Every structure is written in structure tokens, then in C-alpha cells.
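# Breakdown of the fold
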Amino acid sequence: RANPDEWDLAYLAPSFEYERGTADLWLSLLTQLVRVGGERCVSRIYARPAEDWEIEAVLRQAGFTAVVREEVFVLARSSAPAPAPRGLRPVEQQDRPALEALYAHVVPQLLHQVEALPPQRNALGGLASRLWVEEYIWAEKGRALAHFWLCGSPRGYWLEMVVRPECRAESLPCLRYLLMRTQCSDVKPIYASVPDYGVGL
């Protein structure tokens with residue numbers, strides 16, 4: 001992370017599947033991690049485990065709180081040509097207030113405290129210069145209906161989206177257009193993150 005006051009828990013061993021007493025060992029390791037983080041003035045430690053009730057129970061015991069669940073979809077073939085839908089256009093600086101209103105309406109409050117929302121190029125830190133990034137807003141009468149954030153590298157693409165609940169059924173033309181803008185293939189797939197508060201996407 002660009003902010004040195006925040007850590008990501010990247011790996012924890014041994015695996016629950018192979019060792020008895022792993023939960024106690026993990027709890028001990030996590031408690032020590034939190035203590036060391038506190039000594040170093042770390043404000044947050046993030047963990048992104050696979051959905052597993054045992055792992056989540058240990059994380060909760062160590063003081064972690066579940067914020068959001070997500071499914072990640074992958075597409076590994078090129079998309080058919082698709083026209084840009086009416087109202088979909090690249091984000092401009094004057095769109096920021098409308099996007100902030102969209103995020104305030106759609107994204108749970110606790111998530112606002114955890115992540116930089118909406119995603120912006122500066123959140124990528126030094127990676128931004130090596131990545132292809134495009135942001136789109138789907139708007140109507142000055143109101144943001146959706147925000148799409150598409151990032152690409154030589155190995156693949158990442159798509160994030162926030163869409164008003166009442167507009168999700170009509171967002172398919174926007175997605176088709178964005179998918180068409182990539183050079184998606186089996187060696188350069190596109191991954192799309194859909195959080196639990198984005199049901200219907």
C-alpha cells in the first residue's frame with residue numbers, strides 16, 4: 001500500500017487443512033502481528049481470506065472485522081464490437097462530486113473508512129505510470145448512475161464498478177462496451193470484482 005501506516009496480511013501458515021491446532025497457532029501469530037503493528041503506529045491491517053468460516057472466526061478473535069465479500073469473475077476471450085451507450089463517457093474532474101454522491105449512496109459506510117473511494121489513479125502509487133487506466137461515468141442529467149474503473153497491464157485487466165441498484169439491469173450495454181475496449185484473451189484475461197453490495201451485477 002502507498003500508505004506506510006497500513007499493512008496487508010499476505011500469507012499465514014500452516015494451512016488449516018494439514019495441521020491440527022492451527023487455529024490456536026494462527027490466533028497467536030495474528031495477536032503478535034497486531035501488537036507489532038501497534039508498536040509501529042500501523043492504523044489498519046487488511047486480510048483478504050477465501051470464504052471459510054474457520055479462518056474468519058480466527059480473524060474475528062484477533063480483532064478483525066468483516067467489511068465486504070466479493071466474487072471475482074474472469075473473461076478469457078475477446079468481446080464482440082459494441083457501441084458506446086448513451087450517457088457513458090470518460091470521467092472528467094467536474095464529475096468527482098457526482099461520483100462521491102454515487103459512492104455515498106451505494107457503498108456501505110464501513111467500507112468508506114477502509115478504502116480510498118472512489119478508486120483513483122493516485123491510489124495506485126508508482127504503478128500508475130506502468131498501467132493503462134480508464135475511468136468511465138454513466139450519467140443522466142448530472143446524476144451518476146454508475147462508475148467503471150478499468151485497469152490494464154501486460155498480464156491482464158481489472159474491472160471495478162459501482163452501479164445504482166435501480167440501474168443494474170440496464171448496465172449490460174456499458175459492460176459490453178468496456179469489455180470490447182480491452183484486448184482480452186486467454187493469455188491476457190479480464191477480471192471483474194463484484195462485491196456483495198453489488199448484487200445483480
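As shown above, the structure is provided for reference.
Report on the accompanying structure.

Parameters and conventions
- Residues numbered from 1 in each chain as written.
- Predicted model: local features only at pLDDT ≥ 70, side-chain atom pairs only at ≥ 80, totals over all residues.
- Heavy atoms only, no water.
- Patch = residues over 30% accessible without salt bridge, like charges linked within 9 Å, V, L, I, M, F, W, Y side chains within 5 Å.
- Areas by Shrake-Rupley, 256 points an atom, 1.4 Å probe, with all protein chains shown as cover.
- Salt bridge = Lys/Arg side-chain N within 4 Å of Asp/Glu carboxyl O.
- Helix = DSSP H or I, 4+ residues; strand = E, 2+ residues; numbered from the N terminus.
- Buried < 20%, exposed > 50% of the residue type's maximum accessible area, 1.4 Å probe, protein only.
- Contact = heavy atoms within 4.5 Å.
- Arc of directions from axis to C-beta.
- Disulfide = S-S within 2.5 Å.
- Core = buried A, V, L, I, M, F, W, Y, C linked by side-chain atoms within 4.5 Å.

## Side note on a nonpolar patch on the surface
On the surface, Val-67, Val-68 and Leu-110 cluster together into a nonpolar patch covering about 180 Å² of accessible area. Structurally, Val-67 can be placed in the loop between α2 (53–61) and β3 (70–75).

## As for the environment of Pro-49
With respect to the helices and strands, Pro-49 occurs in the loop between β2 (44–47) and α2. Judged by its relative accessible area of 37%, Pro-49 is partly exposed. The sequence separation of Pro-49 and Tyr-136 amounts to 87 residues, and the corresponding C-alpha distance is 30 Å. Aside from chain neighbours lying at most four places away, what touches Pro-49 is Ile-55 and Leu-59.

## A short note on helix α5 (residues 172–180)
Because each turn of an α-helix spans 3.6 residues, side chains separated by three or four positions in sequence point in the same direction. What α5 keeps buried is the set Cys-174, Leu-175, Tyr-177 and Leu-178. Down the axis, α5 shows its buried residues gathered within 160° of arc, on one side only.

## Structural notes on the state of the cysteines
Per the stated rule, a full pass over the model turns up 0 disulfides. Cys-151 forms no disulfide, and the closest cysteine sulfur to it belongs to Cys-184, at a distance of 14 Å. The thiol of Cys-167 is unpaired, and the distance to the nearest cysteine sulfur, on Cys-174, comes to 9.5 Å.

## Observations regarding the environment of Gln-183
Locating Gln-183 in the fold gives a position in the loop between α5 and β8 (190–195). Once the C-alpha coordinates of Gln-183 and Asp-8 are considered, the two residues, 175 residues apart in sequence, prove to be 31 Å apart. Non-local contacts of Gln-183, meaning those with residues more than four positions away in its chain, are made with Tyr-157 and Lys-188.

## Focus on the nonpolar core
In this structure, Leu-88, Trp-138, Phe-148, Leu-159 and Ile-190 are the most contacted members of the largest nonpolar core, which totals 20 residues. Of all the elements in the fold, those that place two or more residues in this core are β5 (132–140), β6 (143–153), β7 (156–163), α5 and β8. Within the second largest apolar cluster, 13 residues are counted, among which are Ala-98, Val-106, Leu-111 and Ala-144.

## Quick word on unusual backbone geometry
Along the chain, Ala-13 connects to Pro-14 via a cis peptide bond; the corresponding omega equals 5°. Tracing the backbone shows Pro-14 in the loop between β1 (6–9) and α1 (22–39). Despite not being glycine, Cys-41 has its phi angle at roughly 65°, a positive value. As for its placement among the helices and strands, Cys-41 is situated in the loop between α1 and β2. You will see that Lys-141, though not glycine, has its phi angle at about 55°, which is positive. Mapped onto the fold, Lys-141 is located in the loop between β5 and β6. The class of Lys-141 is exposed, set by a relative accessible area of 85%.

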